[in-house]
Amino acid sequence: MHSIKFIRENEQIVKQCLDLKGSDIDLTEILDIDFKRRTLIQEVESLKADRNKVNNDISQNKKEKKDCHNLINDMKNISVKIKALDNDLNQFNNDLNNKLLYIPNIIHQSVPVGSSAKDNKVIKIWGEKPKFEFNPSSHLELCESLNIVDFKRAAKISGSAFPLYINRGAKLERSLINYMLDAHIENHNYTEIFPPFLVTSNSPLTTGNLPKFKDDMYYIENDDLYLIPTAEVPITNFYANEVLDENALPTKFVAYSACFRREAGSYGKDTKGLHRLHQFNKVELVKFCKPKDSYSELDKLLNDAEKILQELNLHYRVIELCGGDLSFSAAKCYDIEVWSPFEQKYLEVSSCSNFESFQARRGNIKYRDKSSNKLEFVHTLNGSGLATPRLMIALLETNQNSKGEVIIPKPISSYFGKDIID
RNA sequence: GGAGAGUUGGCAGAGUGGUAAUGCAGCGGAUUGCUAAUCCGUCAUGUCUUAACAGGCAUGCAUGAGUUCAAAUCUCAUACUCUCCGCCA
């Protein structure tokens with residue numbers, strides 16, 4: 001969210017970003033509401049100044065036991081007017097706020113120009129595509145032959161697009177999560193959080209999932225709670241409505257959570273296997289920092305996430321998203337995509353984004369800046385480090401041998417207890 | 001689920017119908033030959049004037065309604081926190 005003041009003073013920049021993100025929001029309408037609102041404020045506040053003056057007079061007179069009937073009658077009139085104007089003002093304020101919640105973040109200058117995914121830039125390729133002396137199997141075939149994911153029974157229990165890991169599949173999933181958590185805690189100095197998976201509506205409002213993307217989340221009507229689509233939602237709200245000590249910044253959190261997504265609007269896409277699921281596991285990284293540090297912190301965050309794939313020796317590339325492909329809340333974003341040898345394509349396993357003050361405003365997360373001694377909004381960042389399903393695809397397909405077995409990479413094997421699934 | 005207590009600024013904490021005390025921390029300044037002490041100012045949000053510095057006004061006492069000339073204060077509803085009881089992995 002942006003302050004209306006910022007929009008008023010930077011109309012052209014906001015408009016450019018709206019156009020780039022293909023938004024149909026009418027800025028002139030918003031600025032018009034703002035103008036009317038400010039006119040009303042002036043009107044009602046001068047009446048309130050009057051009221052305060054007369055109030056004092058009444059108070060004085062009462063002390064001196066003088067008659068103040070006339071004054072009280074005057075006040076009656078003023079109060080009626082104030083009440084009516086305050087009502088109007090409230091409507092303008094609500095209207096304005098509701099509209100502001102739908103305005104996406106401003107795109108950072110360094111972001112490549114472009115309108116869709118085809119304009120994204122590949123900025124890094126790590127490792128090489130593995131070569132096989134046999135025809136590699138798909139992750140689906142491996143899951144079935146090794147009996148590690150049971151898609152059929154999962155569908156019987158929960159419907160389509162829910163995974164059910166079994167046997168060594170369940171243990172491998174657990175090993176991946178534990179390995180990634182420990183790597184970020186021990187090697188990259190993140191503080192571990194194990195968050196609640198159900199949240200009240202103000203939490204997704206902070207992160208930008210609400211109000212615009214309500215249909216993407218599972219909602220529990222009885223209790224007015226949402227299932228989290230990512231651990232970003234609870235962690236970003238860890239400091240909601242708080243003022244942080246500047247010396248404590250940056251703070252870095254890592255959390256495992258299950259993630260729940262309705263995937264409304266993507267029916268028929270990636271329906272097979274582990275590509276796109278209603279429930280999946282993810283290890284998430286979240287940072288709070290001072291505005292001047294947020295882009296260097298984004299680079300570090302990206303490195304921390306990449307490190308996982310490097311240690312697992314999986315071929316991947318890093319994409320810098322263009323303006324048109326950026327998500328609602330992000331000012332800049334890198335995607336990490338891991339290679340699937342069977343499908344011969346790259347699969348997204350992480351998005352690392354800087355939200356600047358966009359989420360901090362919505363969640364009211366501030367710090368006191370020592371140099372200006374003013375309260376300022378922090379910058380928030382997050383990235384997956386990493387999501388497991390597509391990581392599992394790459395891991396199984398890359399490490400298979402001609403006998404249909406899967407070799408477990410070194411960093412995982414100590415968690416897994418073996419170095420092969422046969 | 002039941003009963004009770006509570007929610008005031010960055011933090012602590014007074015205020016029970018008539019301008020939101022005070023303390024701590026932070027920041028700025030004054031002063032005493034230096035790290036301390038003392039004193040003064042500042043320290044939330046919006047809006048207006050101003051190129052800016054700054055100043056004026058209004059708002060802000062969990063949230064939302066209501067009573068009243070006037071609400072932190074009275075009434076009602078809701079949320080959250082704490083204590084006790086009940087149920088429960």
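Provided above is the structure to which this section pertains.
Residues numbered from 1 in each chain as written. Chains lettered and ligands numbered in written order. Predicted model: local features only at pLDDT ≥ 70, side-chain atom pairs only at ≥ 80, totals over all residues. Heavy atoms only, no water.

Draft legend 1. Region of the structure containing the sheet that holds strand E5 (residues 225-227). Overall, antiparallel pairing links the 3 strands, which are arranged E3-E5-E4 in an open sheet. The strands lining the two open edges of the sheet, one partner per strand, are strand E3 (198-199) and strand E4 (219-220). In the sheet, E3 pairs with E5 via 2 bridges, with the strands oriented antiparallel. Its bridge partner lying in E5, Leu198 is registered against Leu227. (Pairing = 2+ DSSP bridges. Helix = DSSP H or I, 4+ residues; strand = E, 2+ residues; numbered from the N terminus.)

Draft legend 2. Structural detail: the protein's contact with RNA strand B. What surrounds RNA strand B is a group of 24 residues, the closest being Arg37, Asn55, Ser59, Met75 and Asn373. The sugar-phosphate share of atoms of RNA strand B within 4 Å of the protein amounts to 77%. Between a phosphate oxygen of RNA strand B and a side-chain N or O atom of Arg8, the distance comes to 3.0 Å. One of the side-chain nitrogen or oxygen atoms of Arg368 is found 3.3 Å away from a sugar or linking oxygen of RNA strand B. Elements that contribute at least two residues to the surface near RNA strand B include exactly helix H3 (27-63), helix H4 (69-100) and strand E12 (365-369). With 13 residues, the top contributor of residues to the surface near RNA strand B is H3. Looking at side-chain class alone, the surface near RNA strand B contains 7 nonpolar, 6 polar and 11 charged residues. (Near = heavy atom within 4 Å. Polar contact = N/O pair within 3.5 Å; in protein donor to acceptor, adjacent residues only side chain to side chain. Nonpolar A, V, L, I, M, F, W, Y, C, P; charged D, E, K, R; others polar.)

Draft legend 3. Examining the pattern of salt bridges more closely. Per the stated rule, a full pass over the model turns up 21 salt bridges. Via salt bridges that share partners, Arg8, Asp34, Arg37 and Arg38 belong to a single interconnected network. (Salt bridge = Lys/Arg side-chain N within 4 Å of Asp/Glu carboxyl O.)

Draft legend 4. Quick peek at the nonpolar core. By size, the foremost hydrophobic cluster in this structure holds 56 residues, and its most contacted members are Leu172, Leu309, Leu312 and Leu391. The greatest single-element share of this core, amounting to 7 residues, is contributed by helix H7 (residues 168-187). The residues touching Leu172, leaving out its near neighbours within four places in the chain, are Met392, Leu395, Leu396, Ile408, Ile412, Phe416 and Ile421. Within the second largest apolar cluster, 23 residues are counted, among which are Ile4, Cys17, Leu31 and Leu96. (Core = buried A, V, L, I, M, F, W, Y, C linked by side-chain atoms within 4.5 Å. Buried < 20%, exposed > 50% of the residue type's maximum accessible area, 1.4 Å probe, protein only. Contact = heavy atoms within 4.5 Å.)

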